[in-house]
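# Coordinate inspection notes
Next come the chains, spelled out residue by residue.
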Amino acid sequence: MYSHDLAELDLAELEQSLESMGHPRFHARQLYQWVHKRAVTDFAEMTDLGRELRASLAGAFRIVTPEVVRKEISSDGTTKFLLRLEDGHLIESVFIPDTPANTFCLSTQVGCAMKCGFCLTGKMGIIRNLTAGEIVGQVRVLTRELSMLQSRFNIVLMGMGEPLHNYDAVMKALRMLNDEHGLAVNPRRVTLSTVGVLPALERLATEPLMPNLAISLHATTEDQRDALVPINRKYGLKELLDACRRFPVKRRERITFEYVMLKDVNDTDEDARGLVRLLNGIKAKVNLLPLNEAAGIPYERPSDARVNRFAKIVADRGVTVSVRKSRGRDIRAACGQLITESARQKTPAQQLAAMLPIS
Ligand code: SF4
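Let me sum up the structure you'll find in this document. In this text the structure is predicted, and so the values were computed from the model without any measurement. (Residues numbered from 1 in each chain as written. Predicted model: local features only at pLDDT ≥ 70, side-chain atom pairs only at ≥ 80, totals over all residues. Heavy atoms only, no water.)

This next bit is on the side chain of Thr65. For Thr65, the position within the fold is in the loop between β2 (61-62) and β3 (67-73). A polar atom in the side chain of Thr65 sits 3.0 Å from the side chain of Arg140. Other than its neighbours up to four places away in sequence, Thr65 contacts Thr41, Gly137, Arg140, Val141 and Arg144. (Helix = DSSP H or I, 4+ residues; strand = E, 2+ residues; numbered from the N terminus. Polar contact = N/O pair within 3.5 Å; in protein donor to acceptor, adjacent residues only side chain to side chain. Contact = heavy atoms within 4.5 Å.)

A word on the side chain of Ser74. Within the secondary structure layout, Ser74 lies in the loop between β3 and β4 (79-84). On the accessibility criterion, Ser74 (5% relative accessible area) is buried. Within the local environment of Ser74, its side chain forms a polar contact with the side chain of Asp76, the two groups lying 2.4 Å apart. (Buried < 20%, exposed > 50% of the residue type's maximum accessible area, 1.4 Å probe, protein only.)

Here we take up the sheet that holds β4. Taken in spatial order, the 10 strands make up an open sheet running β3-β4-β5-β6-β9-β10-β11-β12-β13-β14, and their pairing is mixed. Edge positions in the sheet fall to β3 and β14 (320-323), since each of these pairs with one other strand and no more. Neighbouring strand axes in the sheet, compared pairwise and without regard to direction, differ in orientation by 20° on average. (Pairing = 2+ DSSP bridges. Axes fitted to C-alpha atoms, helices over the stretch in contact; angles between N-to-C directions.)

Along helix α3 (residues 51-60), the residues that are buried comprise Leu53, Arg54, Leu57 and Ala60. The buried residues of α3 all sit within an arc of 135° when viewed along its axis, so they share a single face. Along α3, the residues that are exposed and aim more than 90 degrees away from the buried face are Arg51, Glu52 and Ala55. The inward-facing, buried residues of α3 contact β1 (4-5), α1 (11-20), α2 (27-37) and β2. (Arc of directions from axis to C-beta.)

The next point concerns the packing of helix α5 (residues 132-145) against helix α6 (residues 167-178). Here α5 crosses α6 at 45°, and the two axes come no closer than 8 Å. The orientation of α5 relative to α6 falls into the category oblique. Considering how the two elements wind past one another, α5 and α6 form a crossing that is right-handed. Where α5 approaches α6, its residues Ala132, Ile135, Val136 and Val139 are matched on the opposing element by Ala169, Val170, Lys172, Ala173, Met176 and Leu177. Its residues placed into classes, the contact of α5 with α6 shows nine nonpolar, no polar and one charged. (Parallel < 35°, antiparallel > 145°, perpendicular 65-115°, else oblique. Left-handed = near helix turned anticlockwise from the far one by under 90°. Nonpolar A, V, L, I, M, F, W, Y, C, P; charged D, E, K, R; others polar.)

What follows is about unusual backbone geometry. A positive phi angle, near 50°, is found at Ser147, a position not held by glycine. Within the secondary structure, Ser147 sits in the loop between α5 and β9 (154-157). On the accessibility criterion, Ser147 (62% relative accessible area) is exposed. A positive phi angle, near 70°, is found at His218, a position not held by glycine. Within the secondary structure layout, His218 lies in the loop between β11 (212-216) and α8 (222-228). You can call His218 buried: its relative accessible area is 4%.

A separate point is empty space enclosed by the protein. Per the stated rule, a full pass over the model turns up three cavities of 30 Å³ or more. One number sums up the size of the second largest cavity: a volume of about 70 Å³. Around the second largest cavity, the lining residues are Val35, His36, Ala39, Val136, Val139, Arg140, Thr143, Leu149, Met176, Leu177, Gly182 and Leu183. Looking at the lining of the second largest cavity, the elements that each hand over two or more residues are α2, α5 and α6. Ranked by residues supplied to the lining of the second largest cavity, first place goes to α5 with four residues. Of the residues belonging to the lining of the second largest cavity, the class tally is eight nonpolar, three polar and one charged. (1 Å grid on protein atoms, 1.4 Å probe; cavity = no way out; pocket = protein on both sides within 12 Å on 5 of 7 lines; lining within 4 Å. Points joined across faces, edges and corners; volume = space filled by probe spheres on them.)

Before going further, it helps to spend a moment on a positive patch on the surface. A contiguous patch of positive charge on the surface is contributed by Arg251, Arg252, Arg254 and Lys283. Of the residues examined, Arg254 reaches a relative accessible area of 40% and is grouped as partly exposed. (Patch = residues over 30% accessible without salt bridge, like charges linked within 9 Å, V, L, I, M, F, W, Y side chains within 5 Å. Areas by Shrake-Rupley, 256 points an atom, 1.4 Å probe, with all protein chains shown as cover. Salt bridge = Lys/Arg side-chain N within 4 Å of Asp/Glu carboxyl O. Lys, Arg positive; Asp, Glu negative; His and termini not counted. Charge placed at Lys NZ, Arg CZ, Asp CG, Glu CD.)

All right, on to the layout of surface pockets then. One number sums up the size of the second largest pocket: a volume of about 220 Å³. In the lining of the second largest pocket, the residues fall into five nonpolar, four polar and four charged.

The subject of this paragraph is the nonpolar core. In terms of nonpolar packing, the biggest core is built from 105 residues, with Phe118, Ile155, Leu201 and Phe257 touching the most fellow members. For this core, the element with the highest residue contribution is α6, accounting for eight residues. In this structure, Ile96, Cys105, Val156 and Met158 belong to the second largest nonpolar core, which totals five residues. (Core = buried A, V, L, I, M, F, W, Y, C linked by side-chain atoms within 4.5 Å.)

By the criterion of burial, strand β13 (residues 284-290) is predominantly enclosed, with seven of the seven residues buried. Burial along β13 is two-sided: the residues Ala284, Val286, Leu288 and Pro290 and Lys285, Asn287 and Leu289 are all buried. Sheet topology note: the strand β12 (residues 255-261)/β13 ladder contains seven bridges and is parallel. Directly across from Ile255, in β13, lies its bridge partner Ala284. Regarding topology, helix α10 (residues 269-278) serves as the crossover connection from β12 to the parallel β13, and that connection is right-handed. Inspection of the sheet shows β13 paired to β14 by four bridges, in the parallel sense. (Right-handed = clockwise from strand over helix to strand, strands pointing away.)

So, in structure tokens, the structure goes:
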């Protein structure tokens, strides 16, 4: 009977498993390379492993990869993958090309518990966490489907779910992706986007392998954020920004603050000035995301003039700011915020991708 999913094991776990089966540990590196560097998941194709070992492995393990249900390609090359997990749940992963780097936007949960007021995924509630293997598996699918095993890419954890609400699996996935026997993804190429689950954020600050940080801020006062991002009632704006001030940001790097702009809610001149005041003392850049209206979302998009004025106020005070711009036909993408996208807009992940390093 098949038992363990080999794709869930990091290299150390794989070594232990092989040893406990009576096989030399060094085969673990070969196996890890096959699965994570070459995206090969059929033991029969692992030709540098002996026939007996392959048979033994095939009897003890399965190797699970999310299955592609649907692929949609937009005119700008953004490609959304609808993926089915082994238990039948669906998630989305998105490939965002040339922004200027190639970027994978990954999901970390099925649904999301955070219930942000402007987000359709939040309305789904949380169904379950993804495992580390399922997070890494999204990369395996995308590299295979897009023939990108030899290419460099950035990763944004900005699909379905709140990454810090699934801390252990997310960090294990990042370590597995970083492993030199796998894809060796540099953490500088990974950005984790969070609403601010504070204990997890404090823990992240101590990680040896640390991704770039993006904070979904969306408000400039406690009351405003309580209404838009309910976790603020537990971990308030002030505490969140204090944690950002303490967060170890490397030289020449900054924390990205995402700000969904909602007409007559958080888009005033005073909000813009308040945002700059809040970010005082933080190495910050701001990513303004004018809302794309959707059925079921009780907010409206501000006018372009309002957005531009807001951006100018922020920029004039010395904070780097970017605004999601309209561009050619697009597809809906992964995060609940993303699936509300109209056909004419860049997704938040596309916008964030454009701000990431390319080398
Ligand atoms: S915006 Fe992100 S964190 Fe908030 S409910 Fe949607 S998926 Fe969850």
